[in-house]
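# Residue-level structure breakdown
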Amino acid sequence: MLNYSVPYIAKQFKQKTGRSIIDYLIQIRIQKAQQLLIHTTLSLQEVASSVGYEDVSYFIRIFKKHSGLPPMKFKQQPNQHKSYRPMYRLSLSNDKKWIQHYISNIILVMITIININKKEIY
């Protein structure tokens, strides 16, 4: 695998993106949760679980902190965030694959950043 320490990778990621890995992951999770709230009929528990939060209370706090509104108020807002896509129901297994896909992408970004830095050094 990689011969880099976690702190080194985290520092490189923050230098290149301006945010920590965890902040980036939270942003992706909240954006996906917003999409699910707007475009599906999933319950709040299902949305929270779909984006990686098993504790609904914690999900609500994080969602409000990053969106400015609790999830259900966000969902109830009239057409400010909504498009005219038809409602659909997603399977939870697909959403977990989505999270895994984004985590994999974060790792690839970190590896790319490290490789670019190595080329700049040499």
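Up top is the structure.
Residues numbered from 1 in each chain as written. Predicted model: local features only at pLDDT ≥ 70, side-chain atom pairs only at ≥ 80, totals over all residues. Heavy atoms only, no water.

## Remarks on the overall build of the protein chain
What the protein chain contains, in helices and strands, is 6 helices and 0 strands. Ordering the α and β elements of the protein chain from the N terminus gives α-α-α-α-α-α. For the protein chain, with 122 residues in total, the buried portion stands at 32%. A separation threshold of at least 6 residues defines the contact pool for the protein chain, and within that pool the share at least 24 residues apart is 64%. When the accessible area of the protein chain is evaluated, it comes to approximately 8,100 Å², of which 56% is carbon and sulfur surface. (Helix = DSSP H or I, 4+ residues; strand = E, 2+ residues; numbered from the N terminus. Buried < 20%, exposed > 50% of the residue type's maximum accessible area, 1.4 Å probe, protein only. Contact = heavy atoms within 4.5 Å. Areas by Shrake-Rupley, 256 points an atom, 1.4 Å probe, with all protein chains shown as cover.)

## Notes on helix H1 (residues 6-17)
Look at H1: 16 Å from first C-alpha to last across 12 residues, which is about the 16 Å you get at 1.5 Å a residue. Residue Gly18 follows H1 closely and has a positive phi angle near 85°. (Expected span 1.5 Å × (residues − 1).)

## Here we look at the packing of aromatic side chains
Remark: the centre distance and the inter-plane angle together describe each pair of aromatic rings, the angle taken between the planes. Under the criterion given, the structure shown has 5 aromatic pairs. When the ring of Phe13 is compared with that of Tyr24, the centres are 5.6 Å apart and the planes differ by 65°; the resulting orientation is edge-to-face. Separated by 11 residues along the polypeptide, Phe13 in helix H1 and Tyr24 in helix H2 (residues 21-39) bring together distant segments of the chain. Taking 5.5 Å as the distance between ring centres and 75° as the angle between the ring planes, the aromatic pair formed by Phe63 and Phe74 counts as edge-to-face. You can see Phe63 sitting in helix H4 (residues 56-67) and its partner Phe74 sitting in helix H5 (residues 71-76), a full 11 residues away along the chain. Residue classification places Phe74 among the buried residues on the basis of a relative accessible area of 4%. Following the ring pairs from residue to residue traces out a cluster consisting of Tyr53, Tyr58, Phe59, Phe63 and Phe74. Above the plane of the ring of Tyr53 lies Arg29, whose end atom (NZ or CZ) is 4.7 Å from the centre. (Phe/Tyr/Trp six-rings, centres within 6.5 Å; stacked < 30°, edge-to-face > 60°. Lys NZ or Arg CZ within 6 Å of the ring centre and 35° of its normal.)

## A few points about H4
Between its terminal C-alpha atoms H4 stretches 16 Å, which fits the 16 Å expected from 12 residues at 1.5 Å a residue. Taken residue by residue, H4 has Val56, Phe59, Ile62 and Phe63 as its buried positions. Taken end-on, H4 shows its buried residues confined to a sector of 125°, consistent with a single buried face. Across from the buried face of H4, at angles greater than 90 degrees, the exposed residues are Arg61 and Lys65. Next to the buried residues of H4 lie H2, helix H3 (44-50) and H5. Backbone geometry just downstream of H4 places Gly68 in the positive-phi region, at approximately 85°. (Arc of directions from axis to C-beta.)

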